[in-house]
Amino acid sequence: MLAVGAVHHHLIKSGLRMRTSIIAETAQAWSTHHMNCLVGFGAHAIHPYLLWKAVRHHYQQVRASHPREQPPTASLGACNTAPL
């Protein structure tokens, strides 16, 4: 956040702020509060690469430990033969 704020104020003093965008690539923003603070300090976009990596890892762990189950075939057959 400190770096984003420093760049923001330097660009204002240089007169270049309206012609540039600040994109923060950080591993330290993992909640909405952190991201909102970065926007408040002058960032236009945030790339929280560690957050995406953690979410991908968690998703892969869940898929590995709980493989997709097949639906029971007996109940499907009963639905097809039941009178309407």
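This report concerns the structure included in the present document.

The subject of this paragraph is the overall build of the protein. Per the secondary structure count, the protein includes four helices and two strands. In the protein, the succession of helices and strands from N to C terminus is α-β-α-β-α-α. Sorting the 84 residues of the protein into buried and exposed places 15% on the buried side. Looking at the protein alone, contacts between residues at least 24 apart form 28% of all its contacts between residues at least 6 apart. Only carbon and sulfur atoms are counted for the fraction: they give 62% of the accessible area of the protein, which is about 7200 Å².

Next up on the list: the layout of surface pockets. When its volume is computed, the largest pocket comes out at roughly 180 Å³. What lines the largest pocket is simply Met1, Ala3, Val4, Ala24, Glu25, Thr26, Gln28, Ala29, His34 and Leu38. Of all the secondary structure elements, the ones that give two or more residues to the lining of the largest pocket are helix H1 (2–14), strand E1 (23–25) and helix H2 (32–40). Taken together, the residues of the lining of the largest pocket sort by class into six nonpolar, three polar and one charged.

Thresholds applied
Residues numbered from 1 in each chain as written. Predicted model: local features only at pLDDT ≥ 70, side-chain atom pairs only at ≥ 80, totals over all residues. Heavy atoms only, no water. Helix = DSSP H or I, 4+ residues; strand = E, 2+ residues; numbered from the N terminus. Buried < 20%, exposed > 50% of the residue type's maximum accessible area, 1.4 Å probe, protein only. Contact = heavy atoms within 4.5 Å. Areas by Shrake-Rupley, 256 points an atom, 1.4 Å probe, with all protein chains shown as cover. 1 Å grid on protein atoms, 1.4 Å probe; cavity = no way out; pocket = protein on both sides within 12 Å on 5 of 7 lines; lining within 4 Å. Points joined across faces, edges and corners; volume = space filled by probe spheres on them. Nonpolar A, V, L, I, M, F, W, Y, C, P; charged D, E, K, R; others polar.

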